Amino acid sequence: MNTFDELNRIFRTVFDDEDITVNDGSTAADVDGWDSLSHVNLIIAIEQKFKIKFTTKELLTFKNVGDLRRAIESKIVTRKA
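Predicted, not measured: the structure shown is a model, and the values here were computed from it.

1. Examining the side chain of N8
Part 1: Residue placement: N8 occurs in helix 1 (residues 3-14).
Part 2: Only 2.6 Å separates the side chain of N8 from the backbone nitrogen of V22, close enough to count as a polar contact.
Part 3: Among residues more than four places away in sequence, those in contact with N8 are I20, T21 and V22.

2. A few points about the environment of V31
Part 1: In this structure, V31 sits in the loop between helix 1 and helix 2 (36-50).
Part 2: Put simply, V31 and T78 are 47 residues apart on the chain and 30 Å apart in space, counted from C-alpha to C-alpha.
Part 3: Look past the residues within four positions of V31 in its chain and what remains in contact with it is F11, F15, I20 and V22.

3. Examining helix 1
Part 1: Look at helix 1: 16 Å from first C-alpha to last across 12 residues, which is about the 16 Å you get at 1.5 Å a residue.
Part 2: Among all positions in helix 1, only T3, E6, L7, N8, I10 and F11 are buried.
Part 3: For helix 1, the N-terminal capping position is held by N2, with its side-chain oxygen 3.0 Å away from the main-chain nitrogen of F4.
Part 4: Following helix 1 by one or two positions, D16 adopts a phi angle in the positive range, close to 50°.

Reading the values: the criteria
As a convention, each chain's residues are numbered from 1 in the sequence order in which they are written. Totals for whole chains, interfaces and linings use every residue, but because this is a predicted model, local features are given only for residues with pLDDT of at least 70 and side-chain atom pairs only at 80 or more, for both listing and counting. Hydrogens and water molecules were not included; the side-chain quantities draw on all heavy atoms of the structure. To qualify as a helix, a DSSP run of H or I must reach at least 4 residues; to qualify as a strand, a run of E must reach at least 2; elements of each kind are numbered from the N terminus. In protein, a polar contact means a hydrogen-donor-capable atom and an acceptor-capable atom, both N or O and within 3.5 Å, with residues adjacent in sequence counting only if both atoms are side-chain atoms; elsewhere, any N or O pair within 3.5 Å suffices. The criterion used for residue contact is that any of the two residues' heavy atoms lie within 4.5 Å. In a helix, the anticipated span is given by 1.5 Å times the number of residues less one. Throughout this description, buried means an accessible area under 20% of the type-specific maximum (1.4 Å probe, protein chains only), exposed means over 50%, and partly exposed covers the range between.

Next comes the structure, spelled out in structure tokens:
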């Protein structure tokens, strides 16, 4: 399963909406209910699923799902190295 498949699965679980499909350009404005609390839940779910941790500095740089995906993939590659 690729990163987007996993991210979509996580988004659907966190937001309890089986119709959500995110892409690189998706932002909080594109997902109903994506507020500060759900954002925290989303990040925790992502960190648990991918067995990674984001720094506060990293979290502040994410402008869209594409930024988040690239950070996840970078951490996975770094972990495997």
